[in-house]
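# Summary of structural features
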Amino acid sequence: MYACTALVNIQTRHDSDQILFNSAPFCETTKIMSNAYFIGVDVGTGSVRAALVNSSGKVLKSYVKPTQTWNPRPNHYEQSSDNIWSAVCECVRNVVSQCPREQIKGLGFDATCSLVVLNKDGNPLTVSTTGHNEQNIILWMDHRAQEEADFINSTKHDILNYVGGTVSLEMECPKLLWLKKNMFEQTWTKAGAFYDLPDFLTYKATGKLSRSICSAVCKWNYDAIKASWSTDFLSKIGLHDLTENNFSLIGENLNSPGTAIPGGLSKETAKAMDLLPGTAVATSMIDAHAGALALLGARNPDNKLSESLTSKMAIICGTSSCHMSITEAPIMAPGIWGPYKNAIIPNLYLNEAGQSATGVLMDFVLQTHPSYGQLLQEHDSNGKIYAYLNDLLLGLKQQRGLSSVHRLTTTLHIWPDFHGNRSPLADPTLKGMISGLTMTKDVENLALLYLALIQSLAYGTRHILDILAKSGREPIRSILLCGGLSKNALFVQTHADICSIPVLLPHETEAVLLGSAMMGACAAGVFADLKTAATEMGGTAEVVKPDMSDDNRDYHERKYRVFLKMVDDQRTYEKLMNN
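About the thresholds
Residues numbered from 1 in each chain as written. Predicted model: local features only at pLDDT ≥ 70, side-chain atom pairs only at ≥ 80, totals over all residues. Heavy atoms only, no water. Core = buried A, V, L, I, M, F, W, Y, C linked by side-chain atoms within 4.5 Å. Buried < 20%, exposed > 50% of the residue type's maximum accessible area, 1.4 Å probe, protein only. Helix = DSSP H or I, 4+ residues; strand = E, 2+ residues; numbered from the N terminus. Contact = heavy atoms within 4.5 Å. Phe/Tyr/Trp six-rings, centres within 6.5 Å; stacked < 30°, edge-to-face > 60°. 1 Å grid on protein atoms, 1.4 Å probe; cavity = no way out; pocket = protein on both sides within 12 Å on 5 of 7 lines; lining within 4 Å. Points joined across faces, edges and corners; volume = space filled by probe spheres on them. Nonpolar A, V, L, I, M, F, W, Y, C, P; charged D, E, K, R; others polar. pLDDT = per-residue confidence, 0-100.

### Examining the nonpolar core
With 95 residues, the main nonpolar core has L179, F194, W229, L234, L239, L242 and L293 as its most contacted residues. Per-element accounting of this core gives the leading share, 10 residues, to helix 16 (residues 511-523). Those residues in contact with W229 that sit more than four places away from it in its chain are A216, W220, Y222, L234, F247, I250, G251 and L254. By size, the runner-up hydrophobic cluster in this structure holds 50 residues, among which are L408, I414, Y450 and L505.

### Considering the packing of aromatic side chains
Aromatic ring pairs are reported here in terms of the distance separating the ring centres and the angle at which the planes meet. By the definition in use, this model includes 13 aromatic pairs. Ring plane angle 70° and centroid distance 6.2 Å describe the contact between F364 and F418, whose orientation is recorded as edge-to-face. Residue F364 is located in helix 11 (residues 359-367), and its partner F418 is located in the loop between strand 17 (413-415) and strand 18 (433-435); the two are separated by 54 residues in the primary sequence. Residue F364 is classed as partly exposed on the basis of its relative accessible area of 43%. Note on W415 and F563: the rings are 4.5 Å apart at their centroids and 35° apart in plane angle, and the pair reads as tilted.

### Overview of the layout of surface pockets
Taken as a whole, the second largest pocket spans an internal volume of roughly 660 Å³. No other element matches the four residues that helix 3 (residues 146-154) contributes to the lining of the second largest pocket. The residue makeup of the lining of the second largest pocket, split by class, is 13 nonpolar, 11 polar and six charged.

### Concerning the confidence of the model for the chain
A residue-level look at the chain finds 93% of positions with pLDDT of 70 or above and a mean pLDDT of 92. Contacts for the low-pLDDT stretch residues 1-33, under 50 throughout, to residues beyond four places or in other chains number 88 contacts.

### Some points on the environment of P301
Topologically, P301 is positioned in the loop between helix 10 (287-297) and strand 13 (312-317). In the structure, P301 is positioned 191 residues away from D110 in sequence and 28 Å away in space, judged by C-alpha atoms. P301 has contacts with T540 and A541, leaving out every residue within four places of it along the chain.

### Thoughts on unusual backbone geometry
For residues other than glycine, phi is negative in most cases, and the peptide bonds are mostly trans. The omega angle of the peptide bond from G338 to P339 is 10°, so this bond is cis rather than trans. Relative to the helices and strands, P339 resides in strand 15 (residues 337-341). Residues S423 and P424 are joined by a peptide bond in cis, for which omega reads 0°. On the secondary structure map, P424 appears in the loop between strand 17 and strand 18. The residue N246 is not glycine, and still its phi comes out positive at about 55°. Here N246 is to be found in helix 8 (residues 244-247). One non-glycine residue, F247, lies in the positive phi region at around 60°.

Shown next as structure tokens:
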């Protein structure tokens, strides 16, 4: 799972733990640079993963362990820090089992942006209406704090400009305010520390209170430009007590991701992980941001594309999608989060956009179509159905003598915000729209809807690119993709064609784990800084080039104008009905 994901199936997975590695002892058979290995640890929504990575950025071995999630009330999703930490140690032990410990130079951690609460003794403290202390994490996707988010947004404080004007109820300030209002005696007055989950992991690994600017600026409304918490903002929203004792509950010592934490791995944790005490531990990062770090480091093997990290956009695309890019100077773009200074790479600024439903929306359109049952019976899985639809569309293009498969949707248009718009309109009330429906319900009809939907998602990415450009950002010259949708050739090619720039698909597919390992390499001093680690370990990528023919570009320009008009029409309908 990625922090940006909007909809997640939180059923705990009971499949057996997976070990992805060849049977030969890798320390003897794999040539590596400087005999250095790094561990990347990723804590997602439903599992913990760890990987052993070499200095060239190759994932050599990985291991996964499911974690537990509670859902005691509607919109309440809770986890256990003890359960997660136990899984972390198990995963690390498994990936290092065959490697000399002295060759393991550093660890990096990433995780979902979930809120961890500990008491004054450093033990789990409940966030749950059940009262169970084991349930001490409010999961990122928990939506209990809607009222608190609305209140915070009503203040219109200047700090909100860095989150596109509105704080999300999935961020930490609304959740903290909910705890203060609803569990004051039981939890708030007994709390000894509030952590973002990535920071909790480095605390457990080292025993040191070192927090990441990545989490603080992206999810806690920390002011990275002034390098300080905004006491005015915290007081205005009713969290003034967090400013007491030098911000002891939320931390005053903030560092950039990849910064080495003094002392490294503690003796207790080294024993639990079967590693050497003092092994370098990096300041952490949010999971999607770790994925973006790895993507931005990937390069075109023929070196014909710009290698500048600031010329790229990373899209982590799965259930929903996160669009991330970094700049030398701050860019304030409406409806887009940031600029977040130091959130990924020191002294660079992150802009973060996204689409609330992508992969899950494709599944929804597929599964609600009358022909879905027939296709599932014939092809066994959604993935195989999409591959079949891709082939069917190519056949239709040839049958009709069209210059491009995209011309199959001349009269069919979709606005894809079935679950609201995250960026660049930042309007969760928007709805999906389809223009051009007929009474046909066969497989060909589904294929055309599927194509129009993929086009609409790519137009949504172009919309984000256009807003960034209008806000003064330098042109983005390539897009890097990872996640489930990056395996769909039609989705990838459509993004290249509609955005008129190449799409890169990194050969190392485990982007999030690789990003965490990059931080470990930086902390170990193997690379001078995180930017160098990303460049050296990012590896190469397959390049998908856009169709830049005049005919194709003219077609997409016209469809893009329809795309933008659809949202204007929707707002016109809303005004008519409200009046």
